[in-house]
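# Per-entry structural report
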Amino acid sequence: MGLESTKWDVVDYLETDEDIAYFLEAAFEDGDPQVITAALGAVARAKGMTQLAKDTGLAREALYRSLSAEGKPEFTTVLKVMKAFGLRLAAVPLDDKAA
């Protein structure tokens, strides 16, 4: 008898604004631009890409492209997306150990 598995998608677990904030915080702490972009894309899918397009004034197709793991969104796009999520970027000092 073979092992049965199902596809796991983080979108299924981003249920609250707090879930989303912690998820994005972890992505930003990682620091890898591809991880951050993919995380923003996952949150966009969780919230609804059509609504995000309306909230940001950006085309839905452009959001799909720029918020994919291979995407390279402009900084203004990131700021618009974060604002639409009800979040903002903040500068936080690094720990002495991380510097």
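Whatever comes next refers back to the structure up there.
The rules we used
Residues numbered from 1 in each chain as written. Predicted model: local features only at pLDDT ≥ 70, side-chain atom pairs only at ≥ 80, totals over all residues. Heavy atoms only, no water. Helix = DSSP H or I, 4+ residues; strand = E, 2+ residues; numbered from the N terminus. Buried < 20%, exposed > 50% of the residue type's maximum accessible area, 1.4 Å probe, protein only. Contact = heavy atoms within 4.5 Å. Areas by Shrake-Rupley, 256 points an atom, 1.4 Å probe, with all protein chains shown as cover. Lys, Arg positive; Asp, Glu negative; His and termini not counted. Charge placed at Lys NZ, Arg CZ, Asp CG, Glu CD. Phe/Tyr/Trp six-rings, centres within 6.5 Å; stacked < 30°, edge-to-face > 60°. Patch = residues over 30% accessible without salt bridge, like charges linked within 9 Å, V, L, I, M, F, W, Y side chains within 5 Å. Salt bridge = Lys/Arg side-chain N within 4 Å of Asp/Glu carboxyl O. Arc of directions from axis to C-beta.

If you tally the helices and strands in the chain, you get five helices and zero strands. When the helices and strands of the chain are listed from N to C terminus, the series reads α-α-α-α-α. The dimensions of the chain, computed from C-alpha atoms along their principal axes, are 55 × 40 × 25 Å. Here the chain holds 99 residues, and 28% of them are scored as buried. Expressed as a percentage of contacts within the chain between residues at least 6 apart in sequence, the contacts between residues at least 24 apart total 51%. Summed over its atoms, the accessible surface of the chain is roughly 7,300 Å², and 53% of this surface lies on carbon and sulfur atoms. Taking the average location of the 11 positive side-chain charges in the chain and that of its 17 negative ones, the two points are 9 Å from each other.

Attention shifts here to the packing of aromatic side chains. For the structure on display, the rule yields one aromatic pair. An angle of 15 degrees between the planes, with centres 5.5 Å apart, marks the rings of tryptophan 8 and tyrosine 13 as stacked. For tyrosine 13, a relative accessible area of 48% translates into the label partly exposed.

Side chains of Phe28, Phe75, Leu79 and Leu89 sit close together on the surface and give an oily, nonpolar patch of about 350 Å² of accessible area. Mapping leucine 89 onto the fold places it in the segment after helix 5 (75-84).

Taken residue by residue, helix 5 has Thr77, Val78, Val81 and Met82 as its buried positions. On an axial view of helix 5, the arc spanned by its buried residues comes to 130 degrees, and they lie on one face. Tucked into the core, helix 5 has its buried residues touching helix 1 (17-30), helix 2 (33-47), helix 3 (49-56) and helix 4 (60-66). Immediately downstream of helix 5, the backbone of glycine 86 shows phi near 80 degrees, a positive value.

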